[in-house]
Amino acid sequence: MGHRNATRRGILAGASAMLAAPALAQGTWPQRPVRIVVGFPAGGTTDILGRLAAQVLQEALGQSFIVENRPGAGSNIAAQAVLRSPADGYTLLLGSPGTNAINPHLYSNAGYDPLTDFLPISQIAEVPNLIAAHPSLGVRDAAGLIALAKQRRLSYGETSIGGSTHLAAELFRVMADIQATHVPYRGSAPMMTDLLPGRIDFGTDNLPSILPHIRSGALVAIGVTSTSRWPAAPEIPAIAETLPGYEVVAWFGLVAPRGTPPEVIARINAALRSGLEKPEMVSRLAELGARPIPGTPEAYQARNAAEFARLGDLIRRVGIRAD
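Note that the structure is a prediction, hence the values are computed from the model and not measured. (Residues numbered from 1 in each chain as written. Predicted model: local features only at pLDDT ≥ 70, side-chain atom pairs only at ≥ 80, totals over all residues. Heavy atoms only, no water.)

Counting across every chain of the model gives 12 salt bridges. Across the salt bridge formed by Arg32 and Asp88, the nearest N and O atoms sit 3.4 Å from each other. Note that Arg32 is positioned in the loop between helix H1 (3-25) and strand S1 (34-38) and Asp88 in the loop between helix H3 (76-84) and strand S3 (91-95), a separation of 56 residues in sequence. A residue is classified by how much of its surface remains accessible, and Arg32, at 41% relative accessible area, is partly exposed. Here Arg291 and Glu126 are joined by a salt bridge, their closest N and O atoms 2.7 Å apart. One end of the pair, Arg291, is in strand S10 (residues 291-292); the other, Glu126, is in strand S4 (residues 118-133), and 165 residues separate them in sequence. Taking relative accessible area as the criterion, Arg291 reaches 34% and is therefore assigned partly exposed. Relative accessible area serves as the criterion here: at 10%, Glu126 is assigned to the buried category. (Salt bridge = Lys/Arg side-chain N within 4 Å of Asp/Glu carboxyl O. Helix = DSSP H or I, 4+ residues; strand = E, 2+ residues; numbered from the N terminus. Buried < 20%, exposed > 50% of the residue type's maximum accessible area, 1.4 Å probe, protein only.)

Have a look at this one:
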């Protein structure tokens, strides 16, 4: 993606913003339903958080916010669709590590630049990933899984090629110095169809998606991928307790096409921050294994930029490509 194309998109988006400004000045946005596009299938963490954000915004702004799932190409399809939409505040993207920081390092042409083509609105929540094993393996922690993997080759699944779940599994494999057969999936639900009956040995998913299977006893928690134990599940050890320095967490938030009027960005940001700070929403996110992290657009962009650099280095280190 050249700077010339990015500039052209910025000019066009700016023109859209100018056309939308009179309506915004009268306080009429949103006049119709707003789409929140999610780049993964229904049921996964990105989808869950997108629906919670839609609920918060609908209650605060008195208009329908509709989640539209557009999975494919690690969320590139969703990002490109939102980028092609008018920058008028009626189409938003639920940003994930893949869309915000990873995909341009994986694909020869992701079709967008996450740091220049989208405007950050606010982070929503962050979650660690969780490595879980099938009970038939007979392992209970990271040390046990590593020891077994050194005895025989295991298979592992993840929910998005090159996404945070894949990077979490690959970093674990590299730091533990083990080999394992990679089985990719397009989302949490497809992976669970193989992990729950034991057709693969272990898998990595965002904590909110996989935690119910841990608590039901269907899977065994090997460890969370944050630097320390996660408040929502303190009984689960951190992988870093066995492999010091290990960390791959996921963060999620809303972004809009470049050129979206600042009034819209500010209004959505205020509604999200207010809604996510309510005790009932904090409790709901904690039940899911997530931690709310609303904040300013500037804070969101700073995190995206930092993780863009850090995860890009990791991707090059382990040699992952998606095309």
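Restricting attention to buried positions, one finds in helix H8 (residues 207-215) the residues Leu207, Pro208, Ser209, Ile210, Leu211 and Ile214. Looking at the buried residues of H8, the elements they touch are helix H2 (45-61), S4, helix H7 (188-195), strand S7 (202-206), strand S8 (220-224) and helix H10 (279-288). (Contact = heavy atoms within 4.5 Å.)

When you line up the elements, Ser85 lands in the loop between H3 and S3. One polar contact links Ser85 to Arg35, side chain to side chain, over a distance of 3.4 Å. At 2.9 Å, the side chain of Ser85 forms a polar contact with the backbone oxygen of Ala81. Excluding anything up to four places from it in sequence, Ser85 contacts Arg35, Thr91 and Pro257. (Polar contact = N/O pair within 3.5 Å; in protein donor to acceptor, adjacent residues only side chain to side chain.)

The next subject is the environment of Pro104. Mapped onto the elements of the fold, Pro104 is located in helix H4 (residues 97-106). Residues Pro104 and Pro114, 10 residues apart in the sequence, show an inter-C-alpha distance of 8.1 Å.

This brings us to the packing of helix H6 (residues 164-176) against helix H11 (residues 297-318). Relative orientation of the contacting elements H6 and H11 amounts to 55°, with a least axis distance of 11 Å. Between H6 and H11, the crossing angle belongs to the class labelled oblique. Judged by the twist between their axes, the crossing of H6 over H11 is left-handed. Between H6, through Leu167, Glu170, Leu171 and Val174, and H11, the contact on the second element is made entirely by Leu311, Leu314, Ile315, Arg317 and Val318. Taken together, the residues of the contact of H6 with H11 break down into 7 nonpolar, no polar and 2 charged. (Axes fitted to C-alpha atoms, helices over the stretch in contact; angles between N-to-C directions. Parallel < 35°, antiparallel > 145°, perpendicular 65-115°, else oblique. Left-handed = near helix turned anticlockwise from the far one by under 90°. Nonpolar A, V, L, I, M, F, W, Y, C, P; charged D, E, K, R; others polar.)

Before going further, it helps to spend a moment on the packing of aromatic side chains. Enumeration over the complete set of coordinates arrives at 3 aromatic pairs. Relative to Tyr90, the ring of Trp29 lies with its centre 6.1 Å away and its plane at 55°, an arrangement referred to as tilted. Placement of Trp29 in the loop between H1 and S1 and of Tyr90 in the loop between H3 and S3 is noted, with a sequence separation of 61 residues between them. Under the relative-accessibility criterion, Tyr90 is labelled buried at 10%. Between Tyr112 and Phe118 the ring centres are 5.8 Å apart and the planes differ by 75°, which places this aromatic pair in the edge-to-face class. (Phe/Tyr/Trp six-rings, centres within 6.5 Å; stacked < 30°, edge-to-face > 60°.)

With that out of the way, let us pick up H2. With 17 residues, H2 ought to run about 24 Å at 1.5 Å a step, and its terminal C-alpha atoms sit 24 Å apart, in line with that. All of the buried residues along H2 are Thr45, Thr46, Asp47, Leu49, Gly50, Leu52, Ala53, Ala54, Val56, Leu57 and Leu61. (Expected span 1.5 Å × (residues − 1).)

Okay, the packing of H2 against H10 next. Remark: H2 packs on H10, axes separated minimally by 12 Å, with the N-to-C direction vectors making an angle of 170°. Comparing the axis directions of H2 and H10 gives the class roughly antiparallel. From H2, Ile48, Leu49, Leu52, Gln55 and Val56 reach across to H10, where they touch Met281, Arg284, Leu285 and Leu288.

Attention now moves to unusual backbone geometry. Between Trp29 and the following residue, Pro30, the backbone shows a cis peptide bond with an omega angle of 0°. On the secondary structure map, Pro30 appears in the loop between H1 and S1. Even without a glycine there, the phi angle at Ala73 is positive, about 55°. The residue Ala73 is located in the loop between strand S2 (65-69) and H3 in this model. Looking at Ala73, the relative accessible area reads 34%, which means it is partly exposed. One non-glycine residue, Asp177, adopts positive backbone phi at about 60°. Position of Asp177 among the secondary structure elements: in the loop between H6 and strand S6 (180-184).

Our next topic: the pairing of S3. Counting buried positions along S3 gives 5 out of 5 residues, so the element sits mostly inside the fold. Note that S3 and strand S9 (residues 249-257) share 3 bridges and pair antiparallel. Following the sheet pairing, Leu94 is matched in S9 by Leu254. (Pairing = 2+ DSSP bridges.)

Right, let's talk about the confidence of the model for the chain for a bit. As a general rule, the predicted coordinates of low-pLDDT regions are not to be interpreted in detail. The predicted model of the chain averages 90 in pLDDT, with 92% of residues at 70 or higher. Note that residues 1-26 has pLDDT below 50 and, in this model, 20 contacts with residues that lie over four places away or in other chains. (pLDDT = per-residue confidence, 0-100.)

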